[in-house]
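# Fold and geometry: a report
Below, each chain spelled out in residue letters.
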Amino acid sequence: MSDYFTEMGWSPLSDGEAPNHLIDMARFLRDFGMWDLVGQDTELPPPASKDAVANLPEIKIESNENKQCPVCLKEFEIGNKAKSMPCQHVFHQECIIPWLEKTNSCPLCRYELPTDDEDYEMYRKEKKRAVEREKDLESLHNSMFM
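The sections below set out a description of the structure shown in this document.

What counts and what doesn't
Residues numbered from 1 in each chain as written. Predicted model: local features only at pLDDT ≥ 70, side-chain atom pairs only at ≥ 80, totals over all residues. Heavy atoms only, no water. Patch = residues over 30% accessible without salt bridge, like charges linked within 9 Å, V, L, I, M, F, W, Y side chains within 5 Å. Areas by Shrake-Rupley, 256 points an atom, 1.4 Å probe, with all protein chains shown as cover. Salt bridge = Lys/Arg side-chain N within 4 Å of Asp/Glu carboxyl O. Helix = DSSP H or I, 4+ residues; strand = E, 2+ residues; numbered from the N terminus. Pairing = 2+ DSSP bridges. Buried < 20%, exposed > 50% of the residue type's maximum accessible area, 1.4 Å probe, protein only.

## Some words on a nonpolar patch on the surface
- A grouping of Met25, Phe28, Phe32 and Met34 is seen on the molecular surface, where their side chains present a nonpolar patch of about 410 Å² in accessible area.
- Following the sequence through the fold, phenylalanine 28 ends up in helix H2 (residues 21–31).

Encoded structure:
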């Protein structure tokens, strides 16, 4: 039978060595699945995929619309073309394309476009699954106790 230190993958402190409480706290948070609550597992989103950017619909600004581009804050000129995101926010093409080359989200509502980064896509799917599991647990709890 192995001892505690071997089982945990740790080694006992040497004579005169002091424990590092920050490392101990980080291990505790990681071991009990609480590291994400501290915000250390968040990843910066990569650029939007080239296909997603290329397939953004181009719309023509109609005369009744008195809107401005949320990025540059300039008024849209009647008859000019603009890009529409899936979240229905509209931007000048010269404003939204450079933005999406840096990050995959809408500057207003943070709606995320697909990326070419497989690791980030897996991260997004896992985050979505965690939210769905939480909803399922809440629904199960409510069905049992109501």
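## So, the pairing of strand E2 (residues 81–84)
- As paired elements, strand E1 (residues 58–60) and E2 share three bridges and run antiparallel to each other. The residue of E2 that forms the bridge with isoleucine 59 is alanine 82.
- Linking two consecutive strands that pair antiparallel, namely E2 and strand E3 (residues 90–91), is a turn of five residues; a positive phi of about 75° is found at glutamine 88 within it.

## What to know about the environment of glutamate 75
- One can find glutamate 75 in the loop between E1 and E2.
- A relative accessible area of 44% means that glutamate 75 is categorised as partly exposed.
- Along the primary structure glutamate 75 and histidine 92 are separated by 17 residues, whereas in three dimensions their C-alpha atoms are 9.8 Å apart.

## What about the sheet that holds E1?
- With antiparallel pairing, the three strands of this open sheet are ordered in space as E1-E2-E3. Two strands in the sheet have a free side with no partner beyond their single neighbour: E1 and E3.

## Focus on the pattern of salt bridges
- Enumeration according to the criterion identifies five salt bridges in this entry.
- Its salt-bridge partner being lysine 81, residue glutamate 58 comes within 3.7 Å of it at the nearest N-O pair. Here lysine 81 lies in strand E2 and glutamate 58 lies in strand E1, a separation of 23 residues in the sequence.
- Given a relative accessible area of 57%, lysine 81 falls into the exposed group.
- Across the pair arginine 124 and glutamate 121 runs a salt bridge, and its minimum N-O distance is 3.3 Å. With arginine 124 and glutamate 121 both in helix H6 (residues 118–145) and three residues apart, this pair spans about one turn of that helix.

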